[in-house]
Structures are given as structure tokens and as C-alpha cells.
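# A closer look at the structure
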Amino acid sequence: MSGAHRVLAEFAGVRGQSAFLVTRNGVLAGRGYYSSVEELAEVVNLAELRTR
């Protein structure tokens, strides 16, 4: 990650070289950035995710 994405991810508490960004209709889902799929699955139903 770099630039604005890195700043927003760090603000959401996600540190490191990569993160999963999830939005729902253009709005961040939960805190938006997640460091692992396991962490993401606690907040979002993975079966409902769609790529854009």
C-alpha cells in the first residue's frame, strides 16, 4: 500500500505492506481495511463479496 490507502489503513489500525479493502455500495464496510481474511470474515459475510 502507498499514499492515501496506507494512511487510511493505518488510521483503521492495519499496518504492513498489504490489506484487504472492502466497500459496500462505495462506503467502507466496517472499518474498511483488514489485515487478514480471517479478520475480515468476522465482520463481513465472505459469500456476499463481489469483485469490481
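Our focus in this paragraph is the pattern of salt bridges. Counted according to the given criterion, the structure contains 2 salt bridges. A salt bridge links Glu10 to Arg6; the shortest N-O distance between them is 3.8 Å. Residue Glu10 and its partner Arg6 are located together in helix 1 (residues 3–11), separated by 4 residues, close to a single helical turn. Looking at Arg6, the relative accessible area reads 24%, which means it is partly exposed. Here Glu39 ties to Arg31 by a salt bridge, and the two come within 2.3 Å at their closest N and O atoms.

You can see Thr23 is positioned in strand 1 (residues 20–24). Discounting residues that sit within four places of it in the chain, Thr23 has contacts with Leu28 and Ala29.

What follows deals with a nonpolar patch on the surface. A cluster of nonpolar side chains, namely Phe20, Val37, Leu46 and Leu49, defines an oily patch on the protein surface of about 300 Å² accessible area. By relative accessible area, Leu46 is classed as partly exposed at 35%.

How each quantity is defined
Residues numbered from 1 in each chain as written. Predicted model: local features only at pLDDT ≥ 70, side-chain atom pairs only at ≥ 80, totals over all residues. Heavy atoms only, no water. Salt bridge = Lys/Arg side-chain N within 4 Å of Asp/Glu carboxyl O. Helix = DSSP H or I, 4+ residues; strand = E, 2+ residues; numbered from the N terminus. Buried < 20%, exposed > 50% of the residue type's maximum accessible area, 1.4 Å probe, protein only. Contact = heavy atoms within 4.5 Å. Patch = residues over 30% accessible without salt bridge, like charges linked within 9 Å, V, L, I, M, F, W, Y side chains within 5 Å. Areas by Shrake-Rupley, 256 points an atom, 1.4 Å probe, with all protein chains shown as cover.

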